[in-house]
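Coordinates in review
In case you want the letters, here they are:
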Amino acid sequence: MTMGAVAQEQPALYRVLVKPAAPVTRLGHLLTVIRGVTYKKEQAKSTPGDGLVALLRATNIQQSLSFDELVYVPASCVSETQLLRPGDILVVASSGSRSIVGKAAPLTRSWNGSFGAFCFALRPNAGVQPSYLAAFLRSPQYRERVSDLAA
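Residues numbered from 1 in each chain as written. Predicted model: local features only at pLDDT ≥ 70, side-chain atom pairs only at ≥ 80, totals over all residues. Heavy atoms only, no water.

**Observations concerning helix H3 (residues 130–137)**
Within H3, burial applies to Leu133, Ala134 and Leu137. Angularly, the buried residues of H3 cover 100° about the axis, an arc narrow enough to put them on a single face. H3 presents Ser131 and Tyr132 as exposed residues on the side facing more than 90 degrees away from its buried surface. (Buried < 20%, exposed > 50% of the residue type's maximum accessible area, 1.4 Å probe, protein only. Helix = DSSP H or I, 4+ residues; strand = E, 2+ residues; numbered from the N terminus. Arc of directions from axis to C-beta.)

Take a look at the structure:
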């Protein structure tokens, strides 16, 4: 059995064999989870305007974030914490499809906007590399675990 196969099939064994000093911790110790913006359907607009904030939704989360087909809601619906920052990772929290739940993409540049209620943002703590965390959230092991939990 190759080390790659061990890493996939027996991650705990792989850590012992190859990375004995690698700490294991819960994600919640490495980041802050931020809930998405809630708003009434009649508050949502399809075009930008004064006093409105752009929102990303689950459909905007691909391999990277897509800034097409945004929704705009009153700024009063969005808290300061809910404004996205570079390094935040957007995750689909709820969807009609198991294959979509858990899908994640990082915000890699400055952008003035937020995200909707069917998503959440992971804001890495100081010292946590957003790109490393995003890579983990795209791994087959993570996707399989999320899919199992969504069943």
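**Remarks on the sheet that holds strand E6 (residues 113–115)**
The three strands lie next to each other as E3-E2-E6, forming an open sheet whose pairing is mixed. Of all strands in the sheet, those with a lone pairing partner are strand E3 (71–74) and E6, marking the two edges. Averaged over neighbouring strand pairs, the angle between their axes works out to 45° when direction is ignored. (Pairing = 2+ DSSP bridges. Axes fitted to C-alpha atoms, helices over the stretch in contact; angles between N-to-C directions.)

**Observations concerning the side chain of Ser114**
Tracing the sequence through the fold places Ser114 in strand E6. Taking relative accessible area as the criterion, Ser114 reaches 0% and is therefore assigned buried. Look past the residues within four positions of Ser114 in its chain and what remains in contact with it is Val37, Val53, Ala54, Leu55, Leu56, Val78, Gln82, Leu83 and Leu84. (Contact = heavy atoms within 4.5 Å.)

**Re the nonpolar core**
One finds Leu56, Ile61, Leu65, Leu84, Leu90, Trp111 and Phe115 to be the most contacted residues of the largest nonpolar core, which totals 16 residues. Counting residues per element, the ones that place at least two in this core are strand E2 (52–56), strand E4 (89–92) and strand E7 (119–124). Phe115 has contacts with Ile34, Arg35, Gly36, Val37, Leu55, Leu56, Gln82, Leu84, Leu90, Phe120 and Ala121, leaving out every residue within four places of it along the chain. Listed in part, the 11 residues of the second largest apolar core include Leu31, Val91, Ala104 and Leu133. (Core = buried A, V, L, I, M, F, W, Y, C linked by side-chain atoms within 4.5 Å.)

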